[in-house]
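# Breakdown of the fold
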Amino acid sequence: MVINKERLADLFTTLCEIDSPSGKEGTLAAYLTTLFTEMGASVFEDDSAPVTGSDCGNLLVRFVDGGLDLEPVFFNCHLDTVQPGEGVAVVREGDRFSSRGETVLGADDKSGIAVLIEVIRALRENKIPHGPVEFIFTTGEEIGLLGVKALDCSRLIAKMGYALDTTETNSVIIGAPAANRYTAEICGVSAHAGLNPEQGINAIQLAARAVAELHLGRIDRESTANVGLIKGGVATNIIPGKAVVMGEIRSHSEATLNALTEEVKETFYQVVDDWSGHCDKAAGKSGVAVTVVQEYPVMKLARDAPVIQRAARAGRDLAFRTAGGGSDANILTSKGYDCAIIGTGMTKVHTTDETIELADMIRCAGLVMGILTTG
């Protein structure tokens with residue numbers, strides 16, 4: 001292994017301490033543009049920013065002069081992090097990295113970016129031939145895969161690749177679920193809670209009844225459902241006239257996803273229709289509107305797909321499995337560019353307890369290097 005362990009550690013720390021919350025990835029994109037340009041890559045920033053709302057576009061980085069006549073591949077990472085992700089201070093204890101505890105670490109997904117940079121550096125300084133490769137760095141992944149959805153894939157020369165965006169370094173993800181996100185807006189009737197409560201219809205109460213009837217958590221071996229956000233009310237002395245419930249449904253089966261989505265919609269409509277409070281005295285009627293947005297489609301790759309076979313030749317004792325999370329890989333695959341997912345070792349992502357071990361990043365780097373040097 002020709003990976004420079006300390007250089008990788010230093011680079012990872014530097015990347016994590018560059019703020020790049022969703023929508024504000026510009027500083028990191030500028031840093032990477034300079035770095036890759038100095039390395040001799042061609043770097044292109046697309047015009048997706050007006051669509052995504054980010055302060056920069058997606059980055060496409062290309063190295064085509066590796067010396068090996070292999071099928072081109074791409075590697076994908078996202079530039080953005082979840083909040084709290086500003087003012088990150090990396091703490092290193094031995095070879096384990098974390099934040100000080102007030103923010104996320106940002107290993108999701110800066111560990112992947114650091115791995116890709118170190119692999120290219122190591123290959124070039126050791127004059128190791130490799131095949132053509134593209135790096136796709138996207139914006140707004142954490143808030144709906146916005147960057148990759150706006151990406152013009154016709155610019156890619158590679159037809160297959162890998163997203164560095166999961167935990168386990170000894171697995172390749174070949175299947176990920178589809179997901180629908182829904183918003184239920186429940187309309188009640190506002191009234192003074194002490195003087196004339198009979199004239200009101202409590203929208204929060206209706207929302208609570210509906211949520212209580214939903215099937216949440218793990219529905220079956222392929223499907224999950226969650227309510228993640230509830231908003232409503234103005235003051236404790238006002239019966240709330242509006243409540244908003246936001247949730248998601250995931251499934252590896254499109255048919256199941258559609259059925260569960262219809263079940264959620266019907267639950268909200270039925271609860272509102274069946275409301276039996278002071279109907280004769282309320283100063284208005286209740287109602288509900290449920291809107292559904294597809295977050296991402298199913299990602300499912302055949303075990304004998306070229307992208308999977310290439311990873312199998314490059315890595316030892318790899319497991320090939322499905323996972324419960326969506327990523328840029330779902331969108332890339334849906335656009336006709338087979339994209340498997342490989343892990344960097346990040347753990348407890350999206351929390352202030354996020355950590356990563358340097359050994360895991362090195363292991364990931366070894367697999368990436370193998371993919372680039374093995375036909």
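Predicted model only: the values in this text are computed from it and were never measured.

### Overview of the pairing of strand β4 (residues 90–93)
By the bridge criterion, 4 bridges tie β4 to strand β5 (residues 96–99) in an arrangement that is antiparallel. The partner of E93 across the bridge, within β5, is R96. The hairpin formed by β4 and β5 contains 2 residues between the paired strands, and G94 there has a positive phi angle of roughly 65 degrees.

### What to know about a negative patch on the surface
Taken together, the side chains of E213, E266, D273 and D274 define an acidic patch exposed on the protein surface. One can find D273 in helix α7 (residues 254–273). Classification of D273 by relative accessible area gives exposed; the value is 60%.

### Comments concerning helix α2 (residues 26–38)
Given 3.6 residues to a turn, an α-helix orients residues that are three or four positions apart in the same direction. With 13 residues, α2 extends 18 Å between its outermost C-alpha atoms, agreeing within 8% with the 18 Å of an ideal straight helix rising 1.5 Å per residue. Among all positions of α2, only G26, L28, A29, L32, L35 and F36 are buried.

### Topic: the packing of aromatic side chains
Within this structure, the stated rule accounts for 8 aromatic pairs. Geometrically, the ring pair formed by F12 and F97 is edge-to-face, given 5.4 Å between the ring centres and 75 degrees between the ring planes. Of the two residues, F12 is situated in helix α1 (residues 5–16) and F97 in strand β5; the sequence distance between them amounts to 85 residues. An identical accessibility class is assigned to F12 and F97; each is buried. When the ring of F36 is compared with that of F63, the centres are 6.1 Å apart and the planes differ by 65 degrees; the resulting orientation is edge-to-face. In this pair, F36 sits in helix α2 while F63 sits in strand β2 (residues 59–63), placing the two residues 27 residues apart along the sequence. Across the pair, F63 and F36 agree in class, each one buried. Sitting over the ring of F320, R303 keeps its end group 3.8 Å from the ring centre.

What counts and how
- Residues numbered from 1 in each chain as written.
- Predicted model: local features only at pLDDT ≥ 70, side-chain atom pairs only at ≥ 80, totals over all residues.
- Heavy atoms only, no water.
- Pairing = 2+ DSSP bridges.
- Helix = DSSP H or I, 4+ residues; strand = E, 2+ residues; numbered from the N terminus.
- Patch = residues over 30% accessible without salt bridge, like charges linked within 9 Å, V, L, I, M, F, W, Y side chains within 5 Å.
- Areas by Shrake-Rupley, 256 points an atom, 1.4 Å probe, with all protein chains shown as cover.
- Salt bridge = Lys/Arg side-chain N within 4 Å of Asp/Glu carboxyl O.
- Lys, Arg positive; Asp, Glu negative; His and termini not counted.
- Charge placed at Lys NZ, Arg CZ, Asp CG, Glu CD.
- Buried < 20%, exposed > 50% of the residue type's maximum accessible area, 1.4 Å probe, protein only.
- Expected span 1.5 Å × (residues − 1).
- Phe/Tyr/Trp six-rings, centres within 6.5 Å; stacked < 30°, edge-to-face > 60°.
- Lys NZ or Arg CZ within 6 Å of the ring centre and 35° of its normal.

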